[in-house]
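# Observations on the three-dimensional arrangement
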There are 4 protein chains.
Amino acid sequence: MTPPAKHYILTITCPDTTGIVAAVAGFLSSHELFITESEHFGDVATGRFFMRTVFQERPGMPSIAALQAAFAPFAERFGMEWHIHDATRRPRLLLLVSKFDHCLNDLLYRYRTGTLPVEIPGVVSNHPDLQRVVEWHGIPYHHLPVTRDTRAEQEGRILEMVDRLHIDLVVLARYMQVLSPQMCAALSWRCINIHHSFLPSFKGAKPYHQAHARGVKIIGSTAHYVTTDLDEGPIIEQAVERVDHTHTPDELVALGRDIESVVLARAVRYHIEHRVLPNGNKTVVFRR
Amino acid sequence: MTPPAKHYILTITCPDTTGIVAAVAGFLSSHELFITESEHFGDVATGRFFMRTVFQERPGMPSIAALQAAFAPFAERFGMEWHIHDATRRPRLLLLVSKFDHCLNDLLYRYRTGTLPVEIPGVVSNHPDLQRVVEWHGIPYHHLPVTRDTRAEQEGRILEMVDRLHIDLVVLARYMQVLSPQMCAALSWRCINIHHSFLPSFKGAKPYHQAHARGVKIIGSTAHYVTTDLDEGPIIEQAVERVDHTHTPDELVALGRDIESVVLARAVRYHIEHRVLPNGNKTVVFRR
Amino acid sequence: MTPPAKHYILTITCPDTTGIVAAVAGFLSSHELFITESEHFGDVATGRFFMRTVFQERPGMPSIAALQAAFAPFAERFGMEWHIHDATRRPRLLLLVSKFDHCLNDLLYRYRTGTLPVEIPGVVSNHPDLQRVVEWHGIPYHHLPVTRDTRAEQEGRILEMVDRLHIDLVVLARYMQVLSPQMCAALSWRCINIHHSFLPSFKGAKPYHQAHARGVKIIGSTAHYVTTDLDEGPIIEQAVERVDHTHTPDELVALGRDIESVVLARAVRYHIEHRVLPNGNKTVVFRR
Amino acid sequence: MTPPAKHYILTITCPDTTGIVAAVAGFLSSHELFITESEHFGDVATGRFFMRTVFQERPGMPSIAALQAAFAPFAERFGMEWHIHDATRRPRLLLLVSKFDHCLNDLLYRYRTGTLPVEIPGVVSNHPDLQRVVEWHGIPYHHLPVTRDTRAEQEGRILEMVDRLHIDLVVLARYMQVLSPQMCAALSWRCINIHHSFLPSFKGAKPYHQAHARGVKIIGSTAHYVTTDLDEGPIIEQAVERVDHTHTPDELVALGRDIESVVLARAVRYHIEHRVLPNGNKTVVFRR
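All residue numbers refer to positions counted from 1 along the written sequence of the respective chain. Following the order in which they are written, the chains are lettered starting with A and the ligands numbered starting with 1. It should be noted that, the model being predicted, local features are given only for residues of pLDDT at least 70 and side-chain atom pairs only at 80 or more, the latter also being counted only at that level, while totals for whole chains, interfaces and linings use all residues. Each side-chain value is worked out from all heavy atoms of the structure, with water and hydrogens disregarded.

A residue counts toward the fit only if its pLDDT is at least 70 in both copies, and the copies are then superposed by least squares on the C-alpha atoms of those residues. Mapping chain D onto chain C calls for a rotation angle of 180° and an axial translation of 0.0 Å; the resulting RMSD is 0.0 Å. In the structure described here, the two chain copies are related by an operation that fits a two-fold rotation axis. Of the C-alpha atoms belonging to chain D, the one lying closest to the rotation axis is found on S201 of chain D, 2.4 Å away. Every residue pair with non-hydrogen atoms within 4.5 Å of one another is taken to be in contact. A symmetric contact is evident, with 100% of the interface residues of chain D recurring at the interface of chain C.

On to the packing of aromatic side chains. Centres within 6.5 Å are what make two rings of Phe, Tyr or Trp a pair, Trp counting through its six-membered ring; a difference in plane orientation under 30 degrees is then read as stacked, over 60 as edge-to-face, and the rest as tilted. Summed over all chains, the structure comprises 32 aromatic pairs over all chains. Taken together, F27, F71, F74 and W82 of chain A form an aromatic cluster joined through their ring pairs. The positively charged end of R132 of chain A is found above the aromatic ring belonging to W136 of chain D, 4.2 Å away from the centroid. Should the NZ of a Lys or the CZ of an Arg lie within 6 Å of a ring centre and within 35 degrees of the ring normal, that charge is described as sitting over the ring.

Okay, the confidence of the model for chain A next. Note: predicted coordinates in regions of low pLDDT should not be interpreted at a detailed level. Values of pLDDT, the confidence the predictor places in each residue, fall between 0 and 100. In this model, chain A carries a mean pLDDT of 95, and residues with pLDDT of at least 70 account for 99%. Across the interface, the model reports ipTM at 0.93; the global pTM reads 0.95.

To continue, consider the interface of chain A and chain D. Each partner contributes residues to the interface: chain A has 19 residues there, and chain D has 19 residues. Reported buried area values correspond to the accessible surface (1.4 Å probe) lost by two parts on association, with both partners' losses combined. Summing both sides of the interface, chain A and chain D together bury roughly 1,900 Å²; the carbon and sulfur share of this comes to 38%. It is Y109, W136 and R288 of chain A in chain A that bury the most area against chain D; as a group they hold 36% of the surface buried on that side. What makes a salt bridge here is a side-chain nitrogen of Lys or Arg within 4 Å of a carboxyl oxygen of Asp or Glu, nothing more. Along the contact surface separating chain A from chain D lie 4 salt bridges. Identification of polar contacts relies on pairs of N or O atoms within 3.5 Å, with a donor-acceptor requirement for protein atoms, meaning one able to donate a hydrogen and the other able to accept it, and with residues adjacent in sequence counted only if both atoms are side-chain atoms. At the boundary of chain A and chain D, one finds 10 residue pairs in polar contact (both at pLDDT 80 or more). Only DSSP runs of H or I with at least four residues qualify as helices, and only runs of E with at least two residues qualify as strands; both kinds are numbered from the N terminus onward. Counting only elements with at least two residues in the side of chain A that touches chain D, the list comes to α3 (102-112), α4 (131-136) and α8 (249-272) of chain A. No other element matches the 5 residues that α3 of chain A contributes to the side of chain A that touches chain D. For this scheme, ten residues count as nonpolar: Ala, Val, Leu, Ile, Met, Phe, Trp, Tyr, Cys and Pro. Four count as charged, namely Asp, Glu, Lys and Arg, and the remainder, Gly too, count as polar. Each residue belonging to the side of chain A that touches chain D can be placed in one class, and the counts come to 3 nonpolar, 6 polar and 10 charged.

Our next topic: the pattern of salt bridges. All chains considered together, the criterion is met by 68 salt bridges over all chains. A salt bridge links E273 of chain A to R269 of chain A, with the nearest nitrogen and oxygen atoms 3.4 Å apart. We call a residue buried when its accessible area falls under 20% of the maximum for its residue type, exposed when it is over 50%, and partly exposed in between, using a 1.4 Å probe and counting protein chains only. On the basis of relative accessibility, which here comes to 27%, the residue R269 of chain A falls in the partly exposed class. In this structure, R52 of chain C and E37 of chain C form a salt bridge, with 3.3 Å as the shortest nitrogen-oxygen distance. Of this pair, R52 of chain C sits in strand β3 (residues 48-56) while E37 of chain C sits in strand β2 (residues 34-43), and the two are 15 residues apart along the sequence. Residue E37 of chain C is classed as partly exposed on the basis of its relative accessible area of 25%. When salt bridges with common partners are traced through the structure, they connect E37, R52, R269, E273 and R275 of chain A into a single cluster.

All names here are of chain A. Here a strand pair is declared whenever DSSP counts at least two bridges between the two strands. With respect to topology, 7 strands assemble into an open sheet ordered β7-β6-β5-β8-β9-β10-β11, the strand pairing being mixed. The sheet is open, and its two borders are formed by β7 (141-143) and β11 (235-242), each paired with just one other strand. Put simply, the sheet's adjacent strands are angled 20° from each other on average, direction ignored. Inspection of the sheet shows strand β5 (residues 92-97) paired to strand β6 (residues 119-125) by 5 bridges, in the parallel sense. Looking at the pairing, L96 lines up with V124 of β6. To obtain an axis, a line is fitted to C-alpha atoms, over the contacting stretch when the element is a helix, and the angle between two such axes runs from 0 to 180 degrees between their N-to-C directions. Of the strands in this sheet, β5, β6, β7 and β8 (169-172) touch helix α5 (residues 151-164), which is tilted by about 160° from β5.

A few words on the domain arrangement of chain A. Residues and elements named next belong to chain A. Throughout the structure description, domain borders are defined by an automatic or database domain assignment. One can read the domain layout of chain A as domain 1 (7-86) and domain 2 (92-285). Relative placement of domain 1 and domain 2: their C-alpha centres are 31 Å apart. Contacts between the two partners involve 13 residues from domain 1 and, on the opposite side, 7 residues from domain 2. Interface area, domain 1 with domain 2, both sides summed: about 770 Å², of which 57% is carbon and sulfur. Three residues, F50, R52 and H85, lead the burial of domain 1 against domain 2; their summed loss comes to 51% of the area buried on that side. Linking domain 1 with domain 2 are 1 salt bridge. Between E37 and R275 there is a salt bridge; the shortest N-O distance is 3.5 Å.

As a further point, take the packing of helix α1 (residues 20-30) of chain D against helix α2 (residues 64-78) of chain D. Helix-helix packing is described using two parameters, namely the angle between the two axes and the distance between the axes. All names here are of chain D. Where α1 meets α2, the closest approach of the two axes is 11 Å, and the angle between their N-to-C directions is 170°. Viewed along their axes, α1 and α2 adopt a mutual orientation that is roughly antiparallel. Contact residues: α1 offers I20, A23, V24 and F27, while α2 offers L67, A70, F71, F74, R77 and F78. In terms of residue class, the contact of α1 with α2 is made up of 9 nonpolar, no polar and 1 charged. For this classification, under 35 degrees means roughly parallel, over 145 means roughly antiparallel, 65 to 115 means roughly perpendicular, and everything else is oblique.

Quick look at the structure:
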């Protein structure tokens, strides 16, 4: 059995105009590269164009460096922000957790079974509780307690790990700490948080208790990029579940765990498959 | 073919304690009345008890007045707010509309086909646009324009109709007007509004545009009782639909119409079937 | 205010190979035509390629006939089945109904309000019941009763109407009659039926009663193209709703009406927006 | 902090008639027992009555044995099948698995975190693959290979474990083996299987491949009691997920894993909370 062909993902953002798709598809075609997936979107409101194209490696094709060089003039012409990603390279995740482990367990399961094709070179927590399960997966566990006074130092150590371990994405898997503006800025568009409400409803603390107090009939969960504006970052994915008057706050919390796990896992997958493109404070998500 | 048996609905709210279900069921049983449905709920947070019991008419049963008299001592003992509703009596609805007709069309269709077993003795609008479709259904159409200056008078005419036509429920089927506090108070717990967002997100005007600006991945709709606190009334029902970056505000509006129609129709049905019991600023909904 | 620009929709099916997207996008670009939407899909299992591209009219652009002539060599080269549709032309629907009117009401409402931008030059029914509501919309109503003996003749009259009225799509909006193989063949890929079950479950008659007998916890509805193989035609759209043990067959029927209406309306919209491409006994649906 | 009060669950099935609820509620009330939850259902089609009532322990209350003795005459009078379950006793589960571990992982996680309050005295598999993860949870792993020739013996060993370990519920967490009629009979109404399709669609092997071949737009999963009639057992719970033409069979399989895990976990929870009552080949599920 031959291994499946290697794929590359070309992502593009630029001002919308005539001829972009033709230029991109023409470029790939001129190198006899076969497109397996392609999606684009022109935002009428902002005049921005977004594109994600997956193409297949072929024997004898130019190197990626050579392709990049050849593509540069097109990119220049259209004012593109663009990148060619190696789809077979496993992105490197740093997970930040606190004491709640449902999102962690879900991500570790998908990691362990290969459903989520990533490397996880470390898990950081401000509590020691989850060490055993993390280390059972062969992943180093970094217990970095944090207080108001030590936040800057603790975050510095995390950012140092992000650099040293070549982390592509930081995942706040119910980390329960508010990051400093410096940290948010340093991790811009590469740090995903799961908020346990259907944003923009119920920002801040204890959203399930807020939901209970308001008497909503549906609760939800939101995965978003972290920004300095708490719970206001660009939304990647949301999901909901029906509830009723019989649910206590604790039962909402329990029910919410399943939603949070699924929503965060999806958001991480969209990100690592380069399906998410920034669009101001919003996202374009070429989801399946 | 014998007609289906007549049913009655007993609704009860009172402080929770031991023996309420036994008293109610025992009372009905002592009159040889057959229970076809019964649901109750004790709110641990508030100590309130809520019950809805449906029982079937039988030949030779006491009159409802006699039953009420016989039940009064039980009600007294437990401090009940209670009511026996004739399930075969068609509740009388007054619909308030503006120019958008999707909720109106949906309700009229259900009315016309008997799916929603109600009387609709009138439709009020501040615009003339929907007269033809309303009158085609044989329903009087009352065009009552309103301005800031004439609000009090216009609302007075509506309230007069509510009285004169023995209206049980006022339905704001995209009425687009904010009711005065007096009007809200006069229609307390008998006026349902459909808000075109997933409350408490996106209160106020143009919620779909707000949703678009925020980049949410799911939109929704909320039916609630009208209170003086705009868009803060007790929620009866909500539903949602998935959207993505490609939806323009106008497309969200179009998509939302289907959700709004369904949510409002459900809320009205729950109300007229006496499935909704007030619980502070929340509702107990014994939904199916 | 200038009117919105006119759009055209190019649909393509052909064997998958390198360079198709480049050829199509290059062709449109060479005529300075702006692409507003484009989606394609390569079916690995069958090696077929499917594409739908929307482009915008521009002042001074070539006529569609000229574009077609210019595109023909590309189409030839790739072995394309292709078509350029005028997106502003309202497709012409013939609705076939029986006695149930929920799908009819829903489609007529969308027609009347412009949500479904179609012409409906006629409604055919084997019963007289729905004449009034149809004619109120200004649409001719054709009462064509049918028996086993008169089927051929009745279908002949319908097919004659399809021709004479230049019908693009026949919609069986709960028509309740099985079409003859000849009729199915004559309307291949241009006749949509709504089946009141989640196919392939509960084919044939009384699916809600079957669902009740089986004790399923979710019911659904399926819109599909009509083929000679009853209830086996290519599926366009499905939706579901949760139910439980308390629902009687009649209540399932009532609940199902809302699902059927929504699913059929979606399928019709996908079809008239040329979002559905045949793929053997399946469909590619470039849905939003 | 005082521990939460102990609860008991009274389940009843009997012919429907007047006075059952009164008798049950009156009985509990006469012992000053506080009802925290109660649901009942009369099946009009079969004339059977189903009830689940949760009541709270109180200091000085009679023993359960004494209550049972006191209740027996009522039960006799109404012809009840009935049981009083100790809600604080952890039911004992035996999990049967093969090589797929997503349902196993999900159940083990809920077990380990206390979300699913059960004992799991053993896991049986016909393959050795999942030994490590099971034993990490401190649960004995029994590798019992099976062939056509050894089925009777292998099943005998499992049934012996069911007896010896006082198993309340056997869970086929993607066990992939068809049980013999003897085994099915021995485990009647206490063996739950997860079938990876939306039954009754796609019975038998490779349902996701069947779903792909049929081109459905929604896939699902079904938890049901195991009977001799393969994939025809009483359905407890179902859930679905939307898919489209782009999903390969393998992707459907991957997507289905999340649905299967959730559906099986819910079914197990309903069962152990005694929310599921048999109703012929169907179930009454007093779900939340």
